[in-house]
Amino acid sequence: MSWELLLWLLALGALLALLVQLLRFVRADGDLTLLWAEWQGRRPEWELTDMVIWVTGASSGIGEELVYQLSKLGVSLVLSARRVQELERVKRRCLENGILKEKDIFVLPLDLTDRSSHEAATKAVLQEFGKIDILVNNGGQSQRSLCVDTNLDVFKELMELNYLGTVSLTMCVLPHMIERKQGKIVTVNSLLGIISAPLSSGYCASKHALRGFFNCLRVELAEYPGIVISNICPGPVQSNIVKNSLTEEVTKSVGIDTVQSHKMATSRCVRLMLISMANDLKEVWIADHPFLLVVYLWQYMPTWAWWLTNILGKKRIENFKNGLICWFTINYYWSWRKKFLQGCRYLLL
Ligand SMILES: NC(=O)c1ccc[n+]([C@@H]2O[C@H](COP(=O)([O-])OP(=O)(O)OC[C@H]3O[C@@H](n4cnc5c(N)ncnc54)[C@H](O)[C@@H]3O)[C@@H](O)[C@H]2O)c1
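In short, a report on the structure. Small disclaimer: the values here were computed from a predicted structure and weren't measured.

**Some thoughts on the overall build of the protein chain**
Line of reasoning, step 1. If you tally the helices and strands in the protein chain, you get 12 helices and seven strands.
Line of reasoning, step 2. The C-alpha atoms of the protein chain give 22 Å as radius of gyration, which agrees with the globular expectation for 349 residues (20 Å, within 12%).
Line of reasoning, step 3. When the backbone C-alpha atoms are referred to their principal axes, the protein chain occupies close to 70 × 60 × 40 Å.
Line of reasoning, step 4. Within the protein chain, buried positions represent 49% of all 349 residues.
Line of reasoning, step 5. In the protein chain, 72% of the contacts between residues at least 6 apart in sequence involve partners at least 24 apart.
Line of reasoning, step 6. Accessible surface computed for the protein chain: about 18,000 Å², of which carbon and sulfur atoms make up 61%.
Line of reasoning, step 7. Each charge class in the protein chain can be summarised by its mean position, and for the 38 positive and 33 negative side chains these summaries are 5 Å apart.

Pasting the structure below:
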């Protein structure tokens, strides 16, 4: 075979590999490191067995789905949130559908804003299982209100729960992990911990604060390579987050179900979270396009990102003032995306 032909074949191979990667990016629902880990990395089914995993906010949404998927692996689970009946319901479902036994699941009611209770809660977990391998800081609350209309108590509450509550529990668990020189602290942050969107000023602030805290902690723990600090940043995911969001007043939440069809399925988000946990990824972005694209834009082309955010933001505020709580601009985009994909399929098949 001539050298020329070999070079042509190599170039063709490289082009094909590039095309495959491009296709993966276009269809992506996670950042490229995460998708690579899903394709080539370690499997949660091999890596997360025999571990004690403590999940906060386990009574609903992402946390609830996370414990269902974990209950199919050989782990010990600690389920925490405020409502004990809800946790018992989740535990029952774990036992029905998973491979765990009664003794493998510990229901531990916990209010993240009651920081004085965190030390005792940590001791209770250690007494029950003897160790904590993974703490999943998932419990949290969002916000739907314009900054100028919002009572300061709302900002305080979001900081107390999303930021200080999470930091406090982490600080209780950390000495145990440092003593063992191993452990994972996985925090469910948000894309709104990286970018910002109107109507969520207090939520964005609390999630930005969390990201800053954990990025700093990771560097300070560099002498303990066995301790992994992981920030999970999802975009919109199907859950009760909007329904439970605070409004202008701390005593009032949105309280109604909103459209969820444009959001990522909770099971897919949780699967990607498990892959991230199995592969010790430091930060992952989990979202469908166009949300994922917007974060890339913020990261690499902030001027364009501001331009786009201002246009979408204005529309979002206008919709909110007209009584629409969700991203109707996005739903509009979604229906056109669906039509476009259907058209492509029709032309190709
Ligand atoms: N769903 C999304 O679109 C989305 C996107 C990005 C990030 N997140 C993050 O994911 C995490 C889980 O949210 P979700 O979407 O499942 O919402 P959700 O409302 O369905 O669940 C929130 C969980 O947090 C618990 N919680 C709330 N206040 C608490 C307190 N004071 N003490 C203890 N637990 C408390 C709730 O009981 C519930 O179990 C949150 O941290 C949220 O910020 C969600």
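Once the structure has been displayed, the description carries forward.
**Some points on the packing of aromatic side chains**
Line of reasoning, step 1. For the structure shown, the criterion picks out seven aromatic pairs.
Line of reasoning, step 2. When the ring of Trp-298 is compared with that of Trp-306, the centres are 4.8 Å apart and the planes differ by 65°; the resulting orientation is edge-to-face.

**A look at the environment of Gly-202**
Line of reasoning, step 1. With respect to the element layout, Gly-202 can be found in helix α8 (residues 201–220).
Line of reasoning, step 2. Overall, the relative accessible area of 4% leaves Gly-202 in the buried class.
Line of reasoning, step 3. When the C-alpha positions of Gly-202 and Lys-263 are compared, they lie 22 Å apart, and in sequence the two are 61 residues distant.
Line of reasoning, step 4. Setting aside anything within four residues of it in sequence, one finds Gly-202 in contact with Gln-143, Phe-155 and Leu-158.

**So, the sheet that holds strand β7 (residues 283–286)**
Line of reasoning, step 1. In spatial order, the strands read β3-β2-β1-β4-β5-β6-β7; together these seven strands make up an open sheet with parallel pairing. The open sheet has two edge strands, β3 (105–107) and β7, and neither has a second partner. For this sheet, the mean angle separating the axes of adjacent strands, direction not counted, is 15°.
Line of reasoning, step 2. Here four bridges tie strand β4 (residues 134–137) to strand β5 (residues 183–188), and the two strands are oriented parallel to one another.

**Some points on the pairing of β4**
Line of reasoning, step 1. Burial of β4 is two-sided: the residues Ile-134 and Val-136 facing one way and the residues Leu-135 and Asn-137 facing the other way are all buried.
Line of reasoning, step 2. Note: strand β1 (residues 52–56) against β4, three bridges, orientation parallel. Bridge assignment links Val-55 to a residue of β4, and that residue is Val-136.
Line of reasoning, step 3. You can see the chain leave β4, run along helix α7 (residues 152–180) and come back into β5, and the turn it takes is right-handed.

**Describing the pattern of salt bridges**
When the charged atoms of two side chains lie near each other, side chains of opposite charge can form a pair.
Line of reasoning, step 1. Under the counting rule described, the total for this entry stands at 16 salt bridges.
Line of reasoning, step 2. Glu-86 is paired through a salt bridge with Arg-89; the nearest N and O atoms lie 2.9 Å apart. Placement of the pair is Glu-86 and Arg-89 together in helix α5 (residues 84–97), with a separation of three residues, close to one helical turn.
Line of reasoning, step 3. Residue Glu-86 is classed as partly exposed on the basis of its relative accessible area of 26%.

**Focus on the environment of Glu-38**
Line of reasoning, step 1. As for its position among the elements, Glu-38 is in helix α2 (residues 32–40).
Line of reasoning, step 2. Between the C-alpha atoms of Glu-38 and Leu-18, which are 20 residues apart in sequence, the distance is 18 Å.
Line of reasoning, step 3. Those residues in contact with Glu-38 that sit more than four places away from it in its chain are Arg-43, Arg-268, Leu-272 and Ile-275.

**Focus on unusual backbone geometry**
Line of reasoning, step 1. Across the junction of His-289 and Pro-290, the peptide omega takes the value 10°, indicating a cis bond.
Line of reasoning, step 2. With respect to the helices and strands, Pro-290 occurs in the loop between β7 and α10 (291–300).
Line of reasoning, step 3. Phi at Lys-181 is positive, roughly 60°, even though this residue is not glycine.
Line of reasoning, step 4. As for its placement among the helices and strands, Lys-181 is situated in the loop between α7 and β5.
Line of reasoning, step 5. A positive phi angle, close to 80°, is found at Leu-199, a residue other than glycine.
Line of reasoning, step 6. Within the element layout of this structure, Leu-199 appears in the loop between β5 and α8.

Conventions used here
Residues numbered from 1 in each chain as written. Predicted model: local features only at pLDDT ≥ 70, side-chain atom pairs only at ≥ 80, totals over all residues. Heavy atoms only, no water. Helix = DSSP H or I, 4+ residues; strand = E, 2+ residues; numbered from the N terminus. Rg over C-alpha atoms; globule rule 2.2 N^0.38 Å. Buried < 20%, exposed > 50% of the residue type's maximum accessible area, 1.4 Å probe, protein only. Contact = heavy atoms within 4.5 Å. Areas by Shrake-Rupley, 256 points an atom, 1.4 Å probe, with all protein chains shown as cover. Lys, Arg positive; Asp, Glu negative; His and termini not counted. Charge placed at Lys NZ, Arg CZ, Asp CG, Glu CD. Phe/Tyr/Trp six-rings, centres within 6.5 Å; stacked < 30°, edge-to-face > 60°. Pairing = 2+ DSSP bridges. Axes fitted to C-alpha atoms, helices over the stretch in contact; angles between N-to-C directions. Right-handed = clockwise from strand over helix to strand, strands pointing away. Salt bridge = Lys/Arg side-chain N within 4 Å of Asp/Glu carboxyl O.

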